[in-house]
Amino acid sequence: MNTRVTDTMRSMRKAPRQRRSQVMVDVILQAAARVLAKNGWSKFNTNEVARIAGVSIGSLYQYFPNKLALAEAIRQQHLDAILQVLAAATIEEGELIKRIERLVDGVIAVHLINPSLHRVLLDEVPLSERSAHEDFEQRYAQFYRQFVEQNLQADAFRTSIAAKVLASAVEGVVHDASRRNELDSNELKQELQKLIHAYLESKQGDKIATPE
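As the structure is a prediction and not an experimental result, all values here were calculated from the model. (Residues numbered from 1 in each chain as written. Predicted model: local features only at pLDDT ≥ 70, side-chain atom pairs only at ≥ 80, totals over all residues. Heavy atoms only, no water.)

## Brief notes about the nonpolar core
No. 1: Among the nonpolar cores identified, the biggest contains 34 residues, and Leu103, Tyr144 and Ile196 are the most heavily contacted of them.
No. 2: Sorting the residues of this core by element identifies helix 4 (67–89), helix 5 (96–111), helix 7 (134–151), helix 8 (156–179) and helix 9 (186–203) as the ones contributing at least two each.
No. 3: By size, the runner-up hydrophobic cluster in this structure holds 28 residues, among which are Val49, Ala50, Val55 and Ala73. (Core = buried A, V, L, I, M, F, W, Y, C linked by side-chain atoms within 4.5 Å. Buried < 20%, exposed > 50% of the residue type's maximum accessible area, 1.4 Å probe, protein only. Helix = DSSP H or I, 4+ residues; strand = E, 2+ residues; numbered from the N terminus.)

In structure tokens form, the structure reads like this:
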């Protein structure tokens, strides 16, 4: 079970400015992802990451003060990939079922990039405070609101509620499937698509009382 730690314990020391520094940081993060996925959080350490990356421990510490900062940077890459998928899913092309397929296929594909790594991030690495990903949380919520708005004629209140339910449903199903190593199941993907489609279709006739 992962726990929460303060944001200051997981921040990069500085962002790479020059091209060579950016390349080195990318190499370090690639090595860190490999080590974290293979060894898990308890055996994850900066010395092995530096060795695998082919850099000195001093070079690693220029940017990452500890293993939490490395894990947080890896988590941020995953979150950025999710936002890219959601942006593509909100492009208004095709009928509803095609948009839903694009959303589900994209989200699952992101989580299949490195399933072992994702399971460690989910269940072992200490959680960030929500404020650490405030920009992600806002954009994540906005994408789902936009997706619902495109496919549901409703007022702002109903749209907001439906977007939260939809986001929670997709996230819950995908994360649970990741933990069970079932993300590559076509049956699961099809059932998730049906769930989203049925939910949005059912909301078309709903009348939810808005607060006065």
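## As for the confidence of the model for the protein chain
Any residue range with low pLDDT should be treated as having predicted coordinates unsuitable for detailed reading.
No. 1: Of the residues in the protein chain, 90% have a pLDDT of 70 or more, and the chain-wide mean is 87.
No. 2: With pLDDT under 50 throughout, residues 207–212 is counted as low confidence; its partners more than four residues away or in other chains account for 7 contacts. (pLDDT = per-residue confidence, 0-100. Contact = heavy atoms within 4.5 Å.)

## With respect to the environment of alanine 154
No. 1: Examined against the element boundaries, alanine 154 turns out to sit in the loop between helix 7 and helix 8.
No. 2: Assessed through its relative accessible area of 28%, alanine 154 is described here as partly exposed.
No. 3: Sequence separation between alanine 154 and lysine 203 is 49 residues; the distance between their C-alpha atoms is 8.6 Å.

## Overview of helix 1 (residues 19–39)
No. 1: Its 21 residues give helix 1 an end-to-end C-alpha distance of 30 Å, which sits within 8% of 30 Å, the value for a rise of 1.5 Å per residue.
No. 2: Inspection of helix 1 places Ser21, Val25, Ile28, Leu29, Ala31, Ala32, Ala33, Val35, Leu36 and Ala37 among the buried residues, and these make up the whole buried set.
No. 3: At its buried positions, helix 1 is contacted by helix 2 (46–53), helix 3 (57–63), helix 4 and helix 6 (115–123).
No. 4: One or two steps after helix 1, the chain reaches glycine 40, where phi turns positive at roughly 80 degrees. (Expected span 1.5 Å × (residues − 1).)

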